[in-house]
Amino acid sequence: MKITVKLFATFQKGRFVMQTREYPPGTVVDDIIAELSIPRESLGIVMVNHRHVELERELADGDTLAIFPLVGGG
Amino acid sequence: MEGFDEFLASGAVGDLVPWGVQRSAMERFSRSCAEVEERILSLDLLPARYQRNRQTISTAGQLRLFRSRVAVIGCGGLGGYVVEQLARLGVGTLVAVDPDVFEEHNLNRQILSSIAELGKSKVAAALARIGSINPAVTVTPHQVAFTESNASELLEGVGLVVDALDNIPSRLALSDACTRLGIPLVHGAIGGWYGHLTTQFPGEEAVRSIYRNWSSGKGVEQQLGNPSFTPAVVASLQVAEACKLLIGEERHLRGRILSLDLHAMEFHETGL
């Protein structure tokens, strides 16, 4: 199945801004985070089709996954 | 002798009461600036300083703002702008909370900082600056760190909280305290070119949800720092949210997170 992955801010460095990638059925958000070597503790908002989701969320063909780093400064 | 109300009404130009008249009323009737301001607004007149607000905020809305008590937790990058804008907007009472004094690395972005203020309390700077801009606004400074244990005392009588903190554990404690005390919260955070904000009502878990993958440490701000413009943008958006919540406008960010990438100049909306 095809998943469009968008990365934001510091996550783009050494990776990409946006790619449509092929994944097997049953892939969850956390699988893609691991594949991209993004440390889990650096994750901020993680959205699938514009909704903030848990890492265990299973993806469906055509989904868009967007991953933002943690932002906490003031 | 002319009565208080008559003095204000006769000094008005149209329905605008100039600062000089407000000032004279304070002396002549031995009232505080805040008392005179409330009376002006109660008479459906408008202190002239707010005349450019009026196509955005009605006089009734201006009175609601004046009768509001808002806590700004953190008076650094975000909080300095938030305090400044809430005071210029006409919010009557501000509770300013921050344990820190100004350091040189604050000068690139913190509106309340200046060379003369280095080593001095951020909340004291807030008090002094607001006194010089809008003396009708009462600022209550607390030079302490917000914690779970002082939350009830700091937030007593507060109708709205603005989260302008600089660390995630305190943000989570503030969010929980707001739920416990039944207070709406406007959350904002920044790092580098990036930021986000949301509005959380009591009982909602917006802030905990944003930080659900957090375990320890800081976010991208640790690595990227903060330039001058990011706190100004996010703080302004927080104040726009606060304004709507205070005057009863419905179209706010409840249930949504707005994320900003000022490098790509993109705004993204996420549903919770």
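Residues numbered from 1 in each chain as written. Chains lettered and ligands numbered in written order. Predicted model: local features only at pLDDT ≥ 70, side-chain atom pairs only at ≥ 80, totals over all residues. Heavy atoms only, no water.

Asker: Quick one: what's the story with the overall build of chain A, residue by residue and with numbers?
Answerer: What chain A contains, in helices and strands, is one helix and five strands. The globule rule puts the C-alpha radius of gyration for 74 residues at 11 Å, and the 12 Å found for chain A is close to it. Principal axes of the C-alpha set define a box for chain A whose edges measure 40 × 25 × 20 Å. The buried share among the 74 residues of chain A stands at 53%. Within chain A, contacts between residues at least 6 apart in sequence are counted, and of these 54% link residues at least 24 apart. For chain A, the computed accessible surface area is about 3,400 Å², with 51% contributed by carbon and sulfur atoms. Of note, chain A has its 8 positive side-chain charges centred 9 Å away from the centre of its 10 negative side-chain charges. (Helix = DSSP H or I, 4+ residues; strand = E, 2+ residues; numbered from the N terminus. Rg over C-alpha atoms; globule rule 2.2 N^0.38 Å. Buried < 20%, exposed > 50% of the residue type's maximum accessible area, 1.4 Å probe, protein only. Contact = heavy atoms within 4.5 Å. Areas by Shrake-Rupley, 256 points an atom, 1.4 Å probe, with all protein chains shown as cover. Lys, Arg positive; Asp, Glu negative; His and termini not counted. Charge placed at Lys NZ, Arg CZ, Asp CG, Glu CD.)

Asker: An account of the domain arrangement of chain B is needed here, citing residue identities and associated values.
Answerer: All names here are of chain B. When cut into domains, chain B gives domain 1 (15-61) and domain 2 (68-271). On a C-alpha basis, the centroid separation for the pair domain 1 and domain 2 is 28 Å. Contacts between domain 1 and domain 2 engage ten residues on the former and nine residues on the latter. On the domain 1 side of the interface with domain 2, the three residues burying the most area are Arg49, Tyr50 and Ile57, jointly 50% of the side's total. Taken together, domain 1 and domain 2 are joined by zero salt bridges. In this assembly, domain 1 and domain 2 are joined by three residue pairs in polar contact (both at pLDDT 80 or more). Listed by contribution, the elements that provide at least two residues to the side of domain 1 that touches domain 2 are helix 2 (19-28) and helix 3 (33-42). Per-element tally for the side of domain 1 that touches domain 2: the top contributor is helix 3, with three residues. Grouping the constituent residues of the side of domain 1 that touches domain 2 by class yields five nonpolar, three polar and two charged. (Domains from an automatic or database assignment. Buried area = accessible area lost by both parts, 1.4 Å probe. Salt bridge = Lys/Arg side-chain N within 4 Å of Asp/Glu carboxyl O. Polar contact = N/O pair within 3.5 Å; in protein donor to acceptor, adjacent residues only side chain to side chain. Nonpolar A, V, L, I, M, F, W, Y, C, P; charged D, E, K, R; others polar.)

Asker: Quick one: what's the story with the nonpolar core, residue by residue and with numbers?
Answerer: All names here are of chain B. Core analysis: the biggest nonpolar cluster contains 43 residues, and Val70, Leu86, Val91 and Leu94 have the highest contact counts within it. Elements supplying a minimum of two residues to this core: strand 3 (69-73), helix 5 (77-89), strand 4 (93-97), helix 6 (122-133), strand 6 (160-163), strand 7 (185-191), helix 11 (229-247) and strand 9 (256-261). The element contributing the most residues to this core is helix 11, with nine residues. If sequence neighbours within four positions are ignored, Val70 has contacts with Leu86, Val91, Thr93, Leu94, Val95, Val158, Leu160, Val162 and Leu246. Membership of the second largest hydrophobic core comes to 35 residues, among which are Leu155, Val158, Leu185 and Ile257. (Core = buried A, V, L, I, M, F, W, Y, C linked by side-chain atoms within 4.5 Å.)

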